[in-house]
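# Remarks on the overall topology
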Amino acid sequence: TTGIQKSGLRQRKQVITSIPKFNLKSKLTNGYIKLNELPEGVDRIAFNLDAHAKDGIWENVYFTMSNINAEVKDNFVRGKISVGNLKNFPIDANFQAKLSLAEIHHFYPIDSVELKGDLNVDFKAAGTYEPAKHLFPRTQSSLELKNGYVKYLLYPTLPIEKINVQTLVSSPRGSFRDLSVQVLPIRFEIAGEQFYLDANLNNFDNLKYRVHSKGSLDLGKIYQLFALDGLNVAGKIKSNFSIKGLQNDVQEGNYDKMSSRGTLQIEKMRFDTDLFPKPYLIQIGLFKFFKEKMIFESFEGSYGSTQFTANG
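What you see is a predicted model, and the numbers here were worked out from it, not measured in a lab.

## A few points about the overall build of the protein
Within the protein one finds 3 helices and 18 strands. Taken against the 2.2 N^0.38 rule, which gives 20 Å for 312 residues, the C-alpha radius of gyration of the protein at 25 Å runs more than 25% over that of a compact globule. A total of 312 residues make up the protein; the buried ones form 33% of that total. A separation of at least 24 residues holds for 43% of the contacts in the protein among residues at least 6 apart in sequence. Carbon and sulfur atoms make up 56% of the accessible area of the protein, which amounts to about 19600 Å² in all. Counting 40 positive and 33 negative side-chain charges, the protein places the centres of these two groups 5 Å from one another.

## Comments concerning unusual backbone geometry
Positioned with a positive phi, Asn-67 is a non-glycine residue whose angle comes to about 55°. Note that Asn-67 resides in strand β5 (residues 62-72). Its identity is not glycine, yet Phe-89 carries a phi of approximately 50°, on the positive side.

## What about the nonpolar core?
Judged by nonpolar contacts, the single largest core of 32 residues is most densely connected at Ile-160, Ile-163, Ile-190 and Leu-217. Setting aside anything within four residues of it in sequence, one finds Leu-217 in contact with Phe-188, Ile-190, Phe-195, Ile-222, Gly-235, Lys-236 and Ile-237.

## Overview of the side chain of Asp-218
Looking at the secondary structure, you find Asp-218 in strand β13 (residues 208-218). No salt bridge forms around the buried Asp-218; measuring N to O, its nearest opposite-charge neighbour Lys-221 is 4.2 Å away. With sequence-adjacent residues up to four places away left out, Asp-218 is seen in contact with Glu-193 and Gly-235.

## Re the packing of aromatic side chains
Taken as a whole and judged by the stated rule, the model has 11 aromatic pairs. Taking the centre distance of 6.0 Å and the plane angle of 85° together, the rings of Tyr-129 and Phe-136 count as edge-to-face. What makes Tyr-129 partly exposed here is its relative accessible area of 39%. A ring pair is formed by Phe-276 and Tyr-303, whose centres lie 6.3 Å apart and whose planes are at 75°; its orientation type is edge-to-face. Of this pair, Phe-276 sits in the loop between β15 (259-273) and β16 (280-290) while Tyr-303 sits in strand β17 (residues 293-303), and the two are 27 residues apart along the sequence. Looking at Phe-276, the relative accessible area reads 40%, which means it is partly exposed. An aromatic cluster is built from Phe-287, Phe-296, Phe-299 and Phe-308, whose rings are joined through pairwise contacts. The ring centre of Phe-76 lies 3.8 Å from the NZ or CZ of Arg-78, which sits over that ring. The ring of Tyr-149 has Lys-116 sitting right over it, with the charged end atom 4.8 Å from the ring centre.

## Here's the deal with the side chain of Ser-260
With respect to the secondary-structure elements, Ser-260 resides in strand β15. At a separation of 2.4 Å, a polar atom in the side chain of Ser-260 contacts the main-chain carbonyl oxygen of Lys-291. With residues up to four places along the chain from it excluded, the contact list for Ser-260 reads Ser-242, Ile-243, Phe-289, Phe-290, Lys-291 and Lys-293.

## A look at the environment of Ile-16
Within the fold, Ile-16 resides in strand β2 (residues 11-16). Taking relative accessible area as the criterion, Ile-16 reaches 45% and is therefore assigned partly exposed. Separated by 11 residues in the primary sequence, Ile-16 and Gln-5 place their C-alpha atoms 9.4 Å from one another. Setting aside chain neighbours within four positions, we find Ile-16 in contact with Thr-1, Thr-2 and Trp-58.

About the thresholds
- Residues numbered from 1 in each chain as written.
- Predicted model: local features only at pLDDT ≥ 70, side-chain atom pairs only at ≥ 80, totals over all residues.
- Heavy atoms only, no water.
- Helix = DSSP H or I, 4+ residues; strand = E, 2+ residues; numbered from the N terminus.
- Rg over C-alpha atoms; globule rule 2.2 N^0.38 Å.
- Buried < 20%, exposed > 50% of the residue type's maximum accessible area, 1.4 Å probe, protein only.
- Contact = heavy atoms within 4.5 Å.
- Areas by Shrake-Rupley, 256 points an atom, 1.4 Å probe, with all protein chains shown as cover.
- Lys, Arg positive; Asp, Glu negative; His and termini not counted.
- Charge placed at Lys NZ, Arg CZ, Asp CG, Glu CD.
- Core = buried A, V, L, I, M, F, W, Y, C linked by side-chain atoms within 4.5 Å.
- Salt bridge = Lys/Arg side-chain N within 4 Å of Asp/Glu carboxyl O.
- Phe/Tyr/Trp six-rings, centres within 6.5 Å; stacked < 30°, edge-to-face > 60°.
- Lys NZ or Arg CZ within 6 Å of the ring centre and 35° of its normal.
- Polar contact = N/O pair within 3.5 Å; in protein donor to acceptor, adjacent residues only side chain to side chain.

Given below as structure tokens:
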């Protein structure tokens, strides 16, 4: 059933006031599924499912799935997940996966993209997720992709290759204050251009951040893969800069406490959009970063017959 919830003098919204009481138990062992047109099947599928709503309040729904397992050759997914309710999300999860991306098309139909690489996931979490109280489940988790490769078959000459990603998420005490996201060097290559990024994010109560970027991107070629209607972009960006600081310094305008260094260079960039009849052109743009400042050097652009430059 649903009802109207008042919020303030005039604001009202429809909400769920009750759901059927239910109790659900299910168990699967030694499961197997295979599509006839593919060479491999998913084997040893298993899970135990237990879910219930004892009082008809939807926020009190309990859900747990344990003994999760699925295998294809050397690839596997296994683990458990339990959610105590849908109000403050008490969670207990332990999940591991190992997957060779090149083997996905052996058991799952993929006909528009070619994938390669080794993906490893190790996810552990216990506790509640309550943003209003700045609580986060205790976790020690990681995601790693080695030698990744993505090629859309519509654009066979533009693969994204040599992708290497490793991300670590940690919160030993279960709070935003000790939550840490560490992005170890991400590397990839697209259209012959190499790009590098690493980052450290700590204390989500007052985010302490450090990000370093280095490499070059050919936007025209990348945009073929990720195009948006009504917009077209071309040009090249070269970056080699680092930024670090604290969230509250940004929010309070203490920009002199921020730290940045390095350069960002734009070459022969062109923006075409349905909003304007002519394209914007940037022949060259060099930005230098130093502490809280971004310095324009040799910035030259045009729109139609209008020329503009910027320095300082």
